[in-house]
Amino acid sequence: MQFNSHRTSAWVAWLLVVTVACAGQSQGQGNGEPLTREQDKLARDFIRGRTSASEEAKGALRLKMKAEVDRLKLPPARTFEEAEALAKLVDTRNNIDATWVTGARDPAARAVAVEALAVYGEMLLSEDVSPQSKVNCMAMLAELDEAGVNGAMPPTPSEKALGVLYKYARNDQVPVYLRAIALHGVNRHIGRWWPTDKWPDRTKQAIERTMADIVNSEPASPLDVRAHAWMVRRAYDCLKTMESPIGANSALNRLADPKALPSLRLAALEYLSRLDTSGFPEDKKSLHLIGLAHFTRSQLVNWYEKEDDTLKAKSGAAAGGMGGGRMDMAMGGGMMDMMSGGMMDMMDGGMMGGGRMGSDIGDMLGGSGGRRRDKPVDTQTWQVRLSRRLINQISQAAHVALDGVALPEGKPVLGVKPLKDAKLSAAEQAKIAKLIEAIELFQTAVNDPQRVRNMVSLLTQAEGNIEEIMDLVKEVPGFLVRYPELVPDEELDSAEDEGPLQADPANPDAQPGASDPSEPADTGEPADTGEPAEATEPQSPPPAEETTASIP
């Protein structure tokens, strides 16, 4: 019995050694190490076109892709160091794409790598890993292409990833942020294949019903409001690409709802602008105009009032009074609102790699909505540029929806079906013409570099034109019936009433430089598109709630 006991102990010890060795090997592979150095070299040679597409090379590449995907697997952070590691997952994902997908020189190797990423990515999404791991994995699948750009043709999204993306997009048990990213990927496939015969009618109908269910849904809890809005906006993007009217009722109600998030109202407006509404019932067409008028008015007024409050706070701080506290409170609250409201939009523009998931008015205009002009000598501070970007986004979205162009005398935006062609009543058509004229006067005023040099002059140029729009929208038939609280006459506080701002070297807004009067006004594509804001020193942006400022 004693001998048998020793033999049993020996067997147990041997099993433990084998188990530990296997666990160590598995852990090494999970950290991105291939099975052997030879297989790693073979996979790299294959992806670089240095070796033939043998079965051995394909197998080595699949093992390598498994190891690369495993690099995204991290548990939720419990320490600062673990949080830093999670933040670096974006770089890891971008490196996988640059090395093994877009960087592939052998088409056969790229096909193997894409298929492996889709397979192992789906496996990762089902595992118990950190939300950041799943977000980066889903983003990788959403941007996964079969092949790169070929001449004038856009990249073709990976058919291998579509099944995973659609499965997660339609599953209401999946976290809404993952569904939003999946919808971005589905939209890329829709843009490529919807106009073709690749998908049968029943598939297209199922996709339409999924999008309709999403835009008609409500957030599960107050904590999900902004993430849910992000998901709904992506669903509107899909419907906009399809030009499907199935979500029109939802969009009309959201556009006309003063309590809806501005980003959702903008997404609804852009979606409706892609639909031929001339055959809609008269009450629906009227609601479209009423909602558009209220959205334009409310966003411009909110913008003006917040910028005016900021000037008051700065003026009080410069005078040494109690304004400093107001400014701190305003800037702090604004930054918190911007951070909470813009988190999903930041993921739109940054998380997706290169900002291809961005929204909304920039993608909608596509460079065809305005005329590119030589820009004046740049003397405007980043505060002025950021503020102008917001109001240009609002005014151009309204102009596109009304007239099909973004700016006065601009080129028509492709695919837009403007409200002026919707066969509204004569009274409504007359108000549309006046509203277009008022918006154009506003755009010209706020984008004049000879008159707009700091925030005071920007608000001064905007004030009268916004008040004109405020009065004009009340004349739209049915407007005051839907919004009776706006019946009293209203005026904006004049920026000139705040008193002169005292010179402050730390505040570049107070003493702006002079612009070159010989240069034309900066009224090109949406508000300084593609140029970074230029801050002379680290200052906080103006306070803002959840507005269209953070929208792609």
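The structure displayed is predicted, hence computed values, not measured ones.

Some details on the environment of Ile394
Tracing the backbone through its elements, the reader meets Ile394 in helix 17 (residues 382-403). A C-alpha to C-alpha distance of 9.7 Å links Ile394 and Arg297, two positions 97 residues apart in sequence.

Focus on helix 5 (residues 89-100)
Over its twelve residues, helix 5 extends 16 Å from the first C-alpha to the last, a length consistent with the 16 Å expected when each residue adds 1.5 Å. Those residues of helix 5 lying buried are Leu89, Thr92, Arg93, Ile96 and Trp100. Down the axis of helix 5, the buried set is contained in an arc of 100°. They therefore lie on one face.

Points about the nonpolar core
Leu61, Met211, Tyr236, Trp303, Leu402 and Ile466 are the most contacted members of the largest nonpolar core, which has 127 residues in total. Tallying contributions element by element places helix 14 (residues 282-318) first for this core, with eleven residues. Leu402 has contacts with Leu289, Leu292, Pro418, Leu419, Lys420, Ile432, Leu435, Ile436 and Ile439, leaving out every residue within four places of it along the chain. Grouped together as the second largest cluster of nonpolar side chains are five residues, Val400, Ala406, Val413 and Val416 included.

Things to note about the packing of aromatic side chains
Per the stated rule, a full pass over the model turns up four aromatic pairs. Between Trp194 and Trp199, the aromatic rings sit 6.2 Å apart at their centres with planes inclined by 85°, giving edge-to-face as the arrangement. Assigned by exposure class, Trp194 and Trp199 land together as buried. Here the basic side chain of Arg192 rests over the ring of Trp193, its NZ or CZ set 4.3 Å away from the ring centre. Taking the ring centre of Trp194 as reference, the NZ or CZ of Lys204 above it sits at 5.4 Å.

Some thoughts on the packing of helix 7 (residues 131-142) against helix 9 (residues 176-193)
Where helix 7 contacts helix 9, the axes come no closer than 8 Å and their chain directions differ by 5°. Considered as vectors, helix 7 and helix 9 are oriented roughly parallel to each other. Where helix 7 approaches helix 9, its residues Pro131, Lys134, Val135, Met138, Ala139 and Ala142 are matched on the opposing element by Tyr177, Leu178, Ile181, Ala182, His184, Gly185 and Arg188. When the residues that make up the contact of helix 7 with helix 9 are grouped by side-chain class, the tally is nine nonpolar, two polar and two charged.

Observations regarding the environment of Ser52
As for its position among the elements, Ser52 is in the loop between helix 2 (37-47) and helix 3 (55-70). By relative accessible area, Ser52 is classed as exposed at 51%. Along the chain, Ser52 and Leu42 lie ten residues apart, while their C-alpha atoms are 10.0 Å from each other. Discounting residues that sit within four places of it in the chain, Ser52 has contacts with Phe46 and Ala57.

Details of the packing of helix 12 (residues 248-255) against helix 13 (residues 262-272)
Across the interface, helix 12 lies against helix 13 with an axial gap of 8 Å and an inter-helix angle of 135°. The pairing of helix 12 with helix 13 is recorded here as oblique in orientation. When the axes of helix 12 and helix 13 are compared, the crossing they make is left-handed. Residue-level inspection shows Ala248, Ala251, Leu252, Arg254 and Leu255 of helix 12 in contact with helix 13, the latter providing Leu264, Arg265, Ala268, Leu269, Tyr271 and Leu272. Looking at the contact of helix 12 with helix 13 residue by residue, the class counts come to nine nonpolar, no polar and two charged.

Conventions adopted
- Residues numbered from 1 in each chain as written.
- Predicted model: local features only at pLDDT ≥ 70, side-chain atom pairs only at ≥ 80, totals over all residues.
- Heavy atoms only, no water.
- Helix = DSSP H or I, 4+ residues; strand = E, 2+ residues; numbered from the N terminus.
- Expected span 1.5 Å × (residues − 1).
- Buried < 20%, exposed > 50% of the residue type's maximum accessible area, 1.4 Å probe, protein only.
- Arc of directions from axis to C-beta.
- Core = buried A, V, L, I, M, F, W, Y, C linked by side-chain atoms within 4.5 Å.
- Contact = heavy atoms within 4.5 Å.
- Phe/Tyr/Trp six-rings, centres within 6.5 Å; stacked < 30°, edge-to-face > 60°.
- Lys NZ or Arg CZ within 6 Å of the ring centre and 35° of its normal.
- Axes fitted to C-alpha atoms, helices over the stretch in contact; angles between N-to-C directions.
- Parallel < 35°, antiparallel > 145°, perpendicular 65-115°, else oblique.
- Nonpolar A, V, L, I, M, F, W, Y, C, P; charged D, E, K, R; others polar.
- Left-handed = near helix turned anticlockwise from the far one by under 90°.

Structural measurements only, silent on function.
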